[in-house]
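What the coordinates show
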Amino acid sequence: MTNAGGNVAIHLSQTAKNTPNQLALVCGAKVPSFPSLSFAELDQVVNRAVAELVKANIEHGDKTLLFVNPGPGLIIWAFALFRLGAIPVVIDPGMGIKSFLSCIKRTKPRAMVGISKAFWLAHLLPGTFRCVKRRYLVRPGHYGNIVDQGGQNPLKPTNSNDLAAIVFTSGSTGSPKGVRYLHRNFDAQIDALHSVFGMEAGEVDLTTLPIFGLFNPALGITSVLPEIDPRHPALADPKKIVSPIFKHNVTSVFASPVIGKKIAYACQAENLKLTNLRRFFMAGAPVPPTLVANLQ
């Protein structure tokens, strides 16, 4: 049966109603123009973003290449596409240009939501982007201009078995693979994070990989985006990762082992104890037992 309840974006709307004043997104200093947003404000921003996509003629069912900088924009525009019933195609730009273009050719997105770099690439390689018929340019500092504007855009009727997103792996262990997420897959993962790992509304997550921040609004969890470039984690400043853990009383961390090592070494060097932290997830590469021991 087709109904709005099948759309994963409904979770954000529910959280905005339940805890409107709780912080939803807190961003690092690399995006100084981006304000901290409550869940009610995030819901409004996503709502306005939907209106922008509608004006660009992006429609329900359109596979849409989402080419924005890692950070709050990824979360905002992904939820806008969910709400519209379009299908975000998320490709890690750090995988290399050859693999990146191969992913586009394989998925054949009909639309694109991207920064100027994406439009520049499409201009240089028209053959690869021939399938893209509808385009929306995300301008710098755009988010601050779309708060508190426009009426509410209702969720598009979506079945839980409908395709919600295509997310490509990084390709670090072979060719990048496109993972098909149905709306019910997202729902199942949200339920597992709550029931298996005990993640609860009101908690705070250090979101070092913004794509995983898509689950936090559904759970009523604040996402703190530290000042790092997820495409180059080895270059991250350990102090700028550890500092927000204390500043915002972070309860969960999801990170690559590279970031995990930086946190462990920084805390050991300063003899710091992460007493408020309840869980630490690591994925994306092998996790040495010594790292687990150091974090414990």
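Everything in this summary refers to the structure shown in the same document. All residue numbers refer to position in the chain's written sequence, counted from 1. With pLDDT at 70 or above as the cut-off, local features in this predicted model cover only qualifying residues; side-chain atom pairs require 80 or more to be listed or tallied, and sums for whole chains, interfaces and linings still use all residues. The side-chain quantities take in all heavy atoms of the structure and omit both hydrogens and water.

Here we look at the sheet that holds strand 5 (residues 111-114)
- Should DSSP find at least two bridges between two strands, the strands are taken to pair. Going along the chain from the N terminus, every DSSP run of H or I of four or more residues is numbered as a helix, and every run of E of two or more is numbered as a strand. Strand order in the open sheet formed by six strands is 6-5-3-4-7-8, with mixed pairing between adjacent strands. If you trace the sheet from one side to the other, it starts and ends with strand 6 (134-137) and strand 8 (178-182), each paired once. Strand after strand, the sheet turns through a mean of 20° between neighbouring axes, direction not considered.
- Bridge count between strand 7 (residues 163-168) and strand 8: five bridges; the pairing is antiparallel. Bridge pairing in strand 8 places isoleucine 166 opposite arginine 180.
- Note on definitions: a residue-residue contact is assigned when non-hydrogen atoms from the two residues lie within 4.5 Å. To define axes, lines are fitted to C-alpha atoms, for helices over the stretch in contact only, and angles between the resulting N-to-C directions are given on a 0 to 180 degree scale. In the packing of helix 3 (residues 72-84) onto the sheet, the strands contacted are strand 3 (63-67), strand 4 (87-90), strand 5, strand 6 and strand 7, and the crossing angle to strand 3 comes to about 170°.

As for the side chain of serine 38
- Along the chain, serine 38 turns up in strand 2 (residues 37-38).
- With relative accessibility at 9%, the residue serine 38 sits in the buried group.
- The contacts of serine 38, once residues within four sequence positions are left out, are Pro20, Asn21, Gln22, Leu23 and Ala24. The buried label goes to any residue with under 20% of its type's maximum accessible area, the exposed label to any with over 50%, and the partly exposed label to all in between, with areas taken from a 1.4 Å probe on protein chains only.

Concerning the packing of aromatic side chains
- We call Phe, Tyr and Trp rings a pair once their centres come within 6.5 Å, taking the six-membered ring for Trp, and we label the pair stacked below 30 degrees between planes, edge-to-face above 60, and tilted otherwise. According to the stated counting rule, one finds nine aromatic pairs in the structure shown.
- With a centroid separation of 5.8 Å and 85° between ring planes, the pair formed by phenylalanine 79 and phenylalanine 82 is classed as edge-to-face. Of this pair, phenylalanine 79 and phenylalanine 82 are both found in helix 3, three residues apart, which corresponds to roughly one turn of the helix.
- Classification of phenylalanine 82 as buried rests on a relative accessible area of 2%.
- Centroid distance phenylalanine 186 to phenylalanine 215: 5.8 Å. Interplanar angle 50°. Geometry classified as tilted. Here phenylalanine 215 lies in the loop between strand 9 (204-207) and helix 7 (216-219) and phenylalanine 186 lies in helix 6 (residues 183-195), a separation of 29 residues in the sequence. Each member of the pair, phenylalanine 186 together with phenylalanine 215, is buried.
- Taken together through their ring pairs, the aromatic side chains of Phe79, Phe82, Tyr181, Phe186 and Phe215 make up a single cluster.

Observations regarding the nonpolar core
- Membership of the largest hydrophobic core comes to 71 residues, with the highest contact counts inside it found for Leu53, Ile58, Leu66, Trp77, Phe82, Ile91 and Phe129.
- Looking at this core, the element that brings in the most residues is helix 3, giving 10 residues.
- Discounting residues that sit within four places of it in the chain, leucine 66 has contacts with Leu74, Trp77, Ala78, Leu81, Pro88, Val89, Val90 and Val113. Within this scheme, the nonpolar core is defined by two criteria: the residues are buried Ala, Val, Leu, Ile, Met, Phe, Trp, Tyr or Cys, and they are joined through side-chain atoms within 4.5 Å.

Here's the deal with empty space enclosed by the protein
- With a 1 Å grid laid over protein atoms only, a set of points is called a cavity when a 1.4 Å probe fits there but cannot get out and a pocket when it is open yet has protein on both sides within 12 Å along at least five of seven lines; lining residues have an atom within 4 Å of a point. Grid points are joined across faces, edges and corners, and a volume is the space filled by probe spheres set on the points. The full count for this structure, using the stated rule, is one cavity of 30 Å³ or more.
- Roughly 40 Å³ of internal volume is contained in the largest cavity.
- Val8, Phe79, Phe82, Phe186, Ile190, Leu214, Phe215 and Ala218 together form the lining of the largest cavity.
- Contributions of two or more residues to the lining of the largest cavity are made by helix 3 and helix 6.

Examining the environment of leucine 37
- Its location among the elements puts leucine 37 in strand 2.
- Taking relative accessible area as the criterion, leucine 37 reaches 3% and is therefore assigned buried.
- Distance from leucine 37 to cysteine 27, taken between C-alpha atoms, is 9.2 Å for residues 10 residues apart in sequence.

Looking at the pairing of strand 6
- Only one face of strand 6 is covered, namely the face carrying Arg134 and Tyr136; the face carrying Arg135 and Leu137 is uncovered.
- Sheet topology note: the strand 5/strand 6 ladder contains four bridges and is parallel. The residue of strand 6 that forms the bridge with valine 113 is tyrosine 136.
- Handedness of the crossover is the feature at issue here: the chain leaves strand 5, passes through helix 5 (residues 116-124), returns alongside strand 6, and the resulting connection is right-handed. Crossover handedness is defined by viewing with both strands directed away from the observer: a clockwise path from the first strand over the helix to the second marks the crossover as right-handed.

Here we look at unusual backbone geometry
- Positive phi outside glycine occurs at asparagine 57, with the angle close to 65°.
- You will see that asparagine 249, though not glycine, has its phi angle at about 50°, which is positive.
- Structurally, the position occupied by asparagine 249 is in the loop between helix 8 (238-247) and strand 11 (252-255).

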